[in-house]
Amino acid sequence: MLEVKQVSKLYENDRGVHNIDFSMQRGEIVGFLGPNGAGKTTTMRMITGYLNPTHGQIWVDGHSMADNPKKARRKIGYLPETPPLYPEMTVQAYLRFIANLRDVPAREQKLRVGEAIDKLGLQGREKQIIRSLSKGYKQRLGLAQAILHQPDLLILDEPTSGLDPKQIIEIRQLIHELGENHTVLLSTHILPEINAICNRVLIINQGRVVLDERPEHLGRTMGETFEVSLEVKGPRERILTELRSLEAVAEVKEVDAPSDVTTIAAPAAQDVFINDEASKEAATTEPPAAAETVKLLVTSADRSDIRETLFFRLAGAGYPILEMKRESLSLEDIFLKLTTDEPAEADSTPKEEVDTDA
């Protein structure tokens, strides 16, 4: 559906994007991440034809943006970070205006406008002046204008920026539904949106793509080890010995100090009615201490899943597992790891700022 081949856009001080190379298949929802100034918006503007690349080629459904820009643009619906709205128009008049701009046939315009209004939840607001809409409804209207001409590819730049939590959830759901019929490239700074919506992640840093992977494979791509956090009931030293004896285990660490031993309070001896010597002896015996609880972080020796191995070893030894959870790098961890490797001198020498991203 989309091919971006060795695309560069160069500005002063070597800013911009450099040899961006990726493709998107039909039906994908791809999250496009990067810090401010990394080149996200520049890349999206080149894909939509608002900017011409210095080098490289962009193809949309087989149409070159350089050689056949009109045909390529007809395949694209674009929502900039600030929706391109005319505040003095009504919702319905604006959508009809966009339909004319997009060369939607006159006989189909009423149907297309009605479908966009229904799909984006704008029913009952057709006659409302745009300036009186809430920010959430303006975002909905921005999405409506992007899908009005039934494009194959949607380019969405920060579609949930500035919205309240309820509006964010609503827009995410709308984007997820749009992804059923459209290919979507979604730029966002809200990382949980990627996990909630996208089936692929692109991360750009300093104008270059540094990661292109599916969310479930991010840890493997980053060379992540397989780690499991455990909470086990039983004697600390014996549990450590059992786990460290496993060939599949590379390392066992205590997460925190062993918890304090707790006991179940027994009634005081003087409060118990004692009618024989055996009962008297039992009453004066201290109750046994409850088993301690140990919290551990266990690392696999070869990055394989060791949870079953841990379960059967500890169960066989009679030490119940109270909690077991795989630990993995979050998208936030990966994002920071890939985008905070700028050379130290970059911060010490001021450079003239060039507007390459939003």
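Residues numbered from 1 in each chain as written. Predicted model: local features only at pLDDT ≥ 70, side-chain atom pairs only at ≥ 80, totals over all residues. Heavy atoms only, no water.

Looking up the chain in an unreviewed UniProt entry gives the name ATP-binding cassette domain-containing protein, with the organism given as Paenibacillus phytorum. Database annotation for the chain, UniProt heading Sequence similarities (unreviewed entry): "Belongs to the ABC transporter superfamily." (UniProt positions renumbered as here; feature names shortened; annotations may be inferred.)

Chemist: Would you mind showing me how to read the overall build of the chain here?
Modeler: Across its full length, the chain holds 13 helices and 14 strands. Taking all 358 residues of the chain together, the buried fraction comes to 40%. Relative to all contacts within the chain whose residues are 6 or more apart in sequence, the contacts with residues 24 or more apart total 74%. Of the roughly 19,400 Å² of accessible surface on the chain, a fraction of 48% belongs to carbon and sulfur atoms. (Helix = DSSP H or I, 4+ residues; strand = E, 2+ residues; numbered from the N terminus. Buried < 20%, exposed > 50% of the residue type's maximum accessible area, 1.4 Å probe, protein only. Contact = heavy atoms within 4.5 Å. Areas by Shrake-Rupley, 256 points an atom, 1.4 Å probe, with all protein chains shown as cover.)

Chemist: Got a minute to help me understand the nonpolar core in this structure?
Modeler: Looking at soluble globular proteins, one finds that nonpolar side chains tend to be buried together. Within the largest apolar cluster, 41 residues are counted, with the highest numbers of intra-cluster contacts made by Y94, L95, I130, L141 and L156. With residues up to four places along the chain from it excluded, the contact list for L156 reads M44, L79, L143, I175, V184, L185, L186 and S187. Core analysis: the next-biggest nonpolar cluster, separate from the first, contains 25 residues, L2, V4, I20 and I58 among them. (Core = buried A, V, L, I, M, F, W, Y, C linked by side-chain atoms within 4.5 Å.)

Chemist: Explain helix α6 (residues 165-178) here, please?
Modeler: The periodicity of an α-helix, 3.6 residues per turn, causes residues three or four positions apart to be oriented the same way. Taking 1.5 Å of rise per residue, the 14 residues of α6 would be expected to cover 20 Å, and the 20 Å separating its terminal C-alpha atoms lies within 8% of that figure. Along α6, the residues classified as buried are Q167, I168, I171, L174, I175 and L178. The arc that holds the buried residues of α6, viewed along the axis, is 125 degrees, so those residues lie on one side. Along α6, exposed side chains directed more than 90 degrees from the buried face belong to P165, K166 and I169. Here the buried face of α6 lies against β3 (29-33), α4 (106-119), α5 (135-147), β7 (153-157), β8 (183-187) and α7 (191-197). (Expected span 1.5 Å × (residues − 1). Arc of directions from axis to C-beta.)

Chemist: What should I look at first to understand the sheet that holds strand β1 (residues 2-10) in this one?
Modeler: Paired through their backbone hydrogen bonds, the strands of a sheet run either parallel or antiparallel. Read from one edge to the other, the open sheet built from four strands follows the order β2-β1-β4-β5, with strand pairing classed as antiparallel. In the strand order of this sheet, the two ends are held by β2 (16-24) and β5 (63-64), each with one partner. Sheet topology note: the β1/β2 ladder contains six bridges and is antiparallel. Along β2, the bridge assignment pairs V7 with I20. (Pairing = 2+ DSSP bridges.)

Chemist: Please explain the side chain of E158 as it appears in this structure.
Modeler: Summarising the element assignment, E158 is placed in the loop between β7 and α6. With residues up to four places along the chain from it excluded, the contact list for E158 reads E81, Q139, S187, T188 and H189.

Chemist: Can you help me understand the packing of aromatic side chains in this one?
Modeler: Each aromatic ring pair is described using two quantities: the centre-to-centre distance and the angle formed by the ring planes. Under the counting rule described, the total for this entry stands at five aromatic pairs. Centre to centre, the rings of F22 and F32 are 6.3 Å apart; their planes meet at 40 degrees, and the pair counts as tilted. Here F32 lies in strand β3 and F22 lies in strand β2, a separation of 10 residues in the sequence. When sorted by exposure, F22 lands in the same class as F32, which is buried. (Phe/Tyr/Trp six-rings, centres within 6.5 Å; stacked < 30°, edge-to-face > 60°.)

Chemist: Would you mind showing me how to read the sheet that holds β7 here?
Modeler: Judged by pairing direction, the sheet is mixed, and its six strands sit side by side in the order β6-β7-β8-β3-β9-β10 without closing on themselves. The sheet is open, and its two edges are formed by β6 (76-79) and β10 (208-213), each paired on a single side. Within the sheet, the average angular offset between the axes of one strand and its neighbour, ignoring direction, is 15 degrees. As defined by bridge partners, β7 adjoins β8 across five bridges and the pair is classed as parallel. (Axes fitted to C-alpha atoms, helices over the stretch in contact; angles between N-to-C directions.)

Chemist: Would you take a moment to explain the pairing of β6 for this structure?
Modeler: A regular strand carries its side chains on alternate faces of the sheet. Where burial is concerned, the two faces of β6 agree: the one with I76 and Y78 and the one with G77 and L79 are both buried. Sheet topology note: the β6/β7 ladder contains four bridges and is parallel. Within β7, the residue paired with Y78 across the bridge is I155.

Chemist: Hey, could you run me through the environment of I147 in this one?
Modeler: Checked against the element boundaries, I147 lands in helix α5. You can call I147 buried: its relative accessible area is 8%. Those residues in contact with I147 that lie beyond four places of it in its chain are K119, L120, L154, L178 and H182.

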